[in-house]
Amino acid sequence: MPDRLEWAAPLLALGRRAAGRPRGARKSTPVGSPRSMAIMAHQDDDLYFLNPLLVNQLRSSEEHLTVCLTAGEADGRNAPDGTPENAATPVDFESFAAARYNGLRCAYADMVLGDRDAKWRREVTTLAGGAEADVSILVDAPHIRLVALNLWATAPAGSAPGAGSLPGLWTGRAESNPTMIPLGSPVPEVHSYTRESLIESLVLLLERFAPTLVWTMDPDPDPQVHDRANPRHADAEGYSDHSFHTATGLFTHEALTRWFAAGGGRRTSVEAFRGYYVRRWPSNLSPEARAGKQRYKDVYGWADRRPSDDPAGLGDRKVSGDLIAQGNASGTTLRYPGSRSWAAPGADGRLSAFAVRGGQVVHWREGRPGELAESRRVPGRKLLPHVSAVPTADGGWRLFAVRQGLTADPDRHRRDLWTILLPASGDYREVRWESLGNPNEGSAPAKRRNIGMPQAVPLPGGRLLVVTRNAGKGLSGRLHDGAAWTPWHDLGGRETQDGLTAVALDDGSVEVLAAGRHGIARWLVDTTELTADFSVVRTEAPAGPPTVVRLPDGGRMMFCRCRDSASTVSFRTRDDGRTWDPASLTDLGGHGGPGPMAARYVPDAGAVLLAVRNDDSATSLIWVRPDGRPRGPWLREPTPIAGSHAVSVDSAGRSLVLAVSAAGGLLALPVTRSASSLTSTKEVP
């Protein structure tokens, strides 16, 4: 048995890579091999919070690695909680942890090969400080690997003084966290992780595996009031998620920051997924996605109770009866949903696109008409995966992003909005980011972590409005008058999800929209006084962020997803152009998916081009008439992406749908008004 796993890239069968690809769709030529990595707290977190996106990513990645930090031993009884069977089952932590990993292996085998009983090979890899981890390799698809660190969720009796849990290890309340050896594990000895050795172990895995896409848990869960209407369940006190999920997100982001600082991850995109938060908002899964998610969760939960030779059993029976639509897996939601304004023509008409890879912004710019040059890096690090870009009159760009600073002390965490001016000359040697602070600066320290992602809106006369969701789940904004910034202003509102969309109106005001608890939250911002009127467009609460686009007749069209079906719908303003008309709702159908949608009115086509990230984590698009009705069918492009789409136009006048692929390249998909299928996408490194 090897004592150190070598990350040799296996050759993949073409048929396996192509599994699940829509018929007739042509794959883009990648800039490199997409390599995906998920870092989770518990054995079922990826099945609950990453699917349905995970399935297609597993089938599309050249290699995939899932890392699970804890043994997830719970009460040590592999039976549903609160049942007579549970009470009668002897406590066996090592056996229950093994059952959970057996279930995870079965689920992965089913997702990749369609065979839940496919064989796995077990190995051991050595991490920082001599720690040893359990590695599972899917024999008939060796590009799929699972790594189990097996930290105890609750330090067992007899642990060393100062031993504690994963959250305590992050904050320093615990000096160490011991490991378990689950039943059947090839790991020979227990180990005790410190905060530093756990971070360095994750860095080591990142260095060995070199992922181009990293998925993990939410490091910044929303504040949550727990009462009779909103039971706490397994949330941390005062928050919308489990404390182990939060700690996993924090450990992962700290490890990524170190890896990026050392020169790794130049093409790596990072995405964090909401956890138990999703049960408190409308489901954004299509019926098909919900059925698939249910299937793989049931495999993990050993719901079929098929015979097993393994004394631990083939899954986690605590969740064997859980229904996806009624709990913690009802949706799949990104913590940082992505901008729609990350690509646009500059003052010279040439297209530019911006994204965050490796914790810093990269810039693609059109060189010769219709051709995007390779990306170049913009100085500045520790950025979350979101950038909003506004062209300047002199041919440059102003960018907005959120910078994070992580510490063991929760009161010293920082999440601040930053901006940078990029000169038209393209000389970035002297450019520097400027902090715009945080709208929650005067609040309790924990609230300073709950800044939303910025949306910038250019105004006449060189002015600029930037808005963001604040810790109160309302809106805050700052105004730039061409020379200086105003202080932050609280613009009111409440109970909204992140993922703002905004549009400047002819009277100089700005309309901002967001998904609300009881409909579409709407702010009409007076950019002279920086005040706002807040209201709610009385629709059914949407399943994710809306998107707004201006039309040539002076009206506006809004797109959002319906709860429980994830069907895309359109709304129009009434003839006065001021008020929204819910009666204008048109169901456009679609293919589900998380995050914001991108839309642009294309004059030559006389229609709106709409692009969404679908249930496969890929691209679906459709042309929509000015009256809100579809013009033609939905089209699909199968390359998995990270973040959100942008819809723009290049200097040759071509309409483009843009996205960053899971391999880290810029996908540029030309779309014509008469398209009945999609041509191969060009991918630019």
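Please refer to the structure placed before this passage.
Just so it is clear, the model here is predicted, and its values are computed rather than measured. (Residues numbered from 1 in each chain as written. Predicted model: local features only at pLDDT ≥ 70, side-chain atom pairs only at ≥ 80, totals over all residues. Heavy atoms only, no water.)

### Observations regarding the pattern of salt bridges
For the coordinates displayed, the defined rule picks out 44 salt bridges. One salt bridge connects R636 with D616, and the closest N-O pair in it is separated by 2.9 Å. A residue pair is termed long-range when its members are at least 10 positions apart, and R636 in strand β33 (residues 635-637) and D616 in the loop between β31 (607-613) and β32 (619-624) qualify at 20 residues. Residue R636 is classed as partly exposed on the basis of its relative accessible area, which comes to 28%. (Salt bridge = Lys/Arg side-chain N within 4 Å of Asp/Glu carboxyl O. Helix = DSSP H or I, 4+ residues; strand = E, 2+ residues; numbered from the N terminus. Buried < 20%, exposed > 50% of the residue type's maximum accessible area, 1.4 Å probe, protein only.)

### What about the side chain of D134?
As for its placement among the helices and strands, D134 is situated in strand β4 (residues 132-138). A relative accessible area of 5% means that D134 is categorised as buried. Among the polar contacts made by the side chain of D134, one reaches the side chain of R122 at a distance of 2.6 Å. Engagement of the side chain of D134 in a polar contact is seen with the side chain of S185, the distance being 3.0 Å. Other than its neighbours up to four places away in sequence, D134 contacts R122, E123, L146, V147, A148, N150, S185, P186 and V187. (Polar contact = N/O pair within 3.5 Å; in protein donor to acceptor, adjacent residues only side chain to side chain. Contact = heavy atoms within 4.5 Å.)

### Looking at the sheet that holds strand β14 (residues 388-391)
In spatial order, the strands read β14-β15-β16-β17; together these four strands make up an open sheet with antiparallel pairing. The open sheet is flanked by β14 and β17 (434-437), the only strands paired with a single partner. On average, each strand axis in the sheet is inclined to that of its neighbour by 30°, with strand direction left out of account. Sheet topology places strand β16 (residues 414-422) next to β17; three bridges connect them, and they run antiparallel. Its bridge partner being in β17, L417 is matched across the sheet by G437. (Pairing = 2+ DSSP bridges. Axes fitted to C-alpha atoms, helices over the stretch in contact; angles between N-to-C directions.)

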